[in-house]
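Each chain, written out:
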Amino acid sequence: MSRKMQAAVVEQFGQSLVIQELDIPTPGPGQILVQTEACGVCHTDLHAAHGDWPEKPSLPFIPGHEGIGRVVALGAGVTAVKEGDRVGVPWLYSACGHCEYCLSAWETVCAKAQFGGYTKNGGFAEYIVADPNYVAHVPAGLSAIEAAPLICAGVTSYKGLKETGARPGQWVVVSGIGGLGHLAVQYGRAMGLRVCAVDIDDGKLAHAKRLGAEAIVNAKGSNPVAAVRQATDGGAHGVLITAPSLAAFKQGVGMTRRRGTCVLVGLPPGEFPTPLFDVVASCITIRGSFVGNRQDMAEALGFAAEGKVKADIELQPLSAINSVFERLLRGDVPSRVVLDFSAQ
Ligand code: NAD
Ligand code: ZN
Ligand code: ZN
């Protein structure tokens, strides 16, 4: 094993990532070293590199939280995984394991949680140090490339749909048919839900239809809220907003049926106005949802292992990361780009 690795590093917020040769890290006690095979590129990586959110990562850092690879070294005391296992290093990099949230399977909101590619270096690198207690275990039937988008986009959209509380036969709106949304359409169908897809791009909407959406609405149309309410017989029981656009949030609340739940997942910086009277008088729930816990992860991967959900993937080498980011910002990535480390 060479002692150097290639990594894409954010040195300054809002500037191009720099491909650097770095020392391969050594796993400390209780840690593992993963040799990256593939890593998806999430819109969150773009927010991270732009310093979009109130709590910013410390510079420099390596983004990427859809990294999949083989365990190649174990630190002292590790028993949860063994060398050669194929694992994913997700956004939920680690948590304390002891607080009220960890004890109740809400480790995603643990105050001591660490985040892959944000507070810890992530998968835009040939090697990743990880916590074996929080890695995703990739089912045997899935390749590294197929699994990569599932460990953030997949688990987040699956958990978000569960959080809508919508039951089989009921309507959900998926707003934003990108990396998360194209998987949400498939999870929704696999969960027996009726899916209405909303985006601002006709190509993405046509794709949603191919993936099983019954209704599609272009949010650039004159009244997308009315169009969705009509298509869903009075509003969707559940609305999942993955669009990184504030406009989509206000619209999403309007698309929610009486007593329905609007789940916020997209993370554009800022705030959105809430029509209080409508929310109160229609008894609407508005709820945030943040990735998923480890059991959600296993379930999300399980749907793919059974062939019910499949990410649409465009492969790129690590060296293409800046052009991938530019396209993602313009909404120009059809579904998910996965960095293929065998192509270096
Ligand atoms: P993406 O860029 O792949 O997809 C975004 C999609 O939204 C695109 O298809 C785009 O055309 C569409 N869109 C843009 N404006 C819209 C509008 N006004 N109405 C409807 N659709 C619109 O992004 P992604 O990787 O799917 O991530 C989406 C968002 O989710 C990002 O903000 C990301 O940070 C966030 N995210 C949140 C979590 C979480 O745990 N809550 C996890 C992962 C990603
Ligand atoms: Zn993500
Ligand atoms: Zn905790």
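In what follows, the structure referred to is the one given above.
If you're wondering where the values come from, they're calculated on a predicted model, not measured in any experiment.

### Comments concerning the coordination of the zinc ion (ligand 3)
And step 1. For the zinc ion (ligand 3), the full set of protein donor atoms is Cys96 (SG), Cys99 (SG), Cys102 (SG) and Cys110 (SG), at a range of 2.3 to 2.4 Å.
And step 2. Each of the four donor atoms around the zinc ion (ligand 3) contributes to a set of angles spanning 106 to 116°, which defines the coordination as tetrahedral.
And step 3. Sequence spacing among the residues donating to the zinc ion (ligand 3) works out to C-x2-C-x2-C-x7-C.
And step 4. Accessibility expressed as a relative area gives 25% for Cys96, which makes it partly exposed.
And step 5. According to the relative accessible area criterion, Cys102 is buried, its value standing at 11%.

### Brief notes about helix H10 (residues 294-305)
And step 1. Across its twelve residues, H10 extends 16 Å between first and last C-alpha, which sits within 8% of the 16 Å expected from 1.5 Å per residue.
And step 2. Among the residues of H10, those classed as buried are Asp296, Met297, Ala300, Leu301, Gly302, Phe303 and Ala304.
And step 3. Of the surrounding elements, those touching the buried residues of H10 are strand S9 (136-137), helix H4 (153-164) and helix H5 (179-190).
And step 4. Measuring from the backbone nitrogen of Gln295 back to the side-chain oxygen at the start of H10 gives 3.0 Å, which picks out Asn293 as the cap.
And step 5. Positive backbone phi, at 80°, marks Gly307, one or two positions downstream of H10.

### A closer look at helix H8 (residues 246-254)
And step 1. Residues of H8 that are buried include every one of Ala248, Phe249, Gly252 and Val253, and no others. Buried residues in H8, looked at end-on, bunch into an arc of 135°, giving them a common side.

### A closer look at the pairing of strand S17 (residues 336-340)
And step 1. Counting buried positions over the five residues of S17 gives five, a clear majority of the element.
And step 2. Neither face of S17 is open: one carries Arg336, Val338 and Asp340, the other Val337 and Leu339, and all of them are buried.
And step 3. Each parallel crossover has a hand, and for strand S16 (residues 313-316) linked through helix H11 (residues 321-329) to S17 it is right-handed.

### Quick word on the packing of helix H1 (residues 43-50) against H11
And step 1. The interhelical angle for the contact between H1 and H11, taken along N-to-C directions, is 105°, at an axis separation of 10 Å. If you check the angle between H1 and H11, you find them roughly perpendicular. Mapping the contact onto sequence places His43, Asp45, Leu46, Ala49 and His50 in H1 and Phe325, Leu328 and Leu329 in H11.
And step 2. A per-class count over the contact of H1 with H11 returns five nonpolar, two polar and one charged.

### Digging into the coordination of the zinc ion (ligand 2)
And step 1. Protein coordination of the zinc ion (ligand 2) is provided by Cys42 (SG), His65 (NE2) and Cys152 (SG), with donor distances spanning 2.0 to 2.3 Å.
And step 2. Here the donor residues of the zinc ion (ligand 2) are spaced in sequence according to C-x22-H-x86-C. Here Cys42 is found in the loop between strand S3 (32-41) and H1, whereas its partner His65 is found in the loop between H1 and strand S4 (67-74), with 23 residues between them in sequence.
And step 3. The class for Cys42 is buried, based on a relative accessible area of 3%.

### Here's the deal with unusual backbone geometry
And step 1. In this model, Leu59 is joined to Pro60 through a cis peptide bond whose omega is -10°.
And step 2. Mapped onto the fold, Pro60 is located in the loop between H1 and S4.
And step 3. Within the chain, Asp233 stands out as a residue other than glycine whose phi angle is a positive 55°.
And step 4. Mapped onto the secondary structure, Asp233 falls in the loop between helix H7 (224-231) and strand S13 (236-241).
And step 5. Using a relative accessible area of 56% as the deciding quantity, one classes Asp233 as exposed.

Rules used throughout
- Residues numbered from 1 in each chain as written.
- Chains lettered and ligands numbered in written order.
- Predicted model: local features only at pLDDT ≥ 70, side-chain atom pairs only at ≥ 80, totals over all residues.
- Heavy atoms only, no water.
- Donors = N, O, S within 2.8 Å, 3.2 Å for Na, K, Ca; no water.
- Tetrahedral: all angles 85-135°; square planar, octahedral: opposite > 155°, others 65-115°.
- Buried < 20%, exposed > 50% of the residue type's maximum accessible area, 1.4 Å probe, protein only.
- Helix = DSSP H or I, 4+ residues; strand = E, 2+ residues; numbered from the N terminus.
- Expected span 1.5 Å × (residues − 1).
- Contact = heavy atoms within 4.5 Å.
- Polar contact = N/O pair within 3.5 Å; in protein donor to acceptor, adjacent residues only side chain to side chain.
- Arc of directions from axis to C-beta.
- Right-handed = clockwise from strand over helix to strand, strands pointing away.
- Axes fitted to C-alpha atoms, helices over the stretch in contact; angles between N-to-C directions.
- Parallel < 35°, antiparallel > 145°, perpendicular 65-115°, else oblique.
- Nonpolar A, V, L, I, M, F, W, Y, C, P; charged D, E, K, R; others polar.

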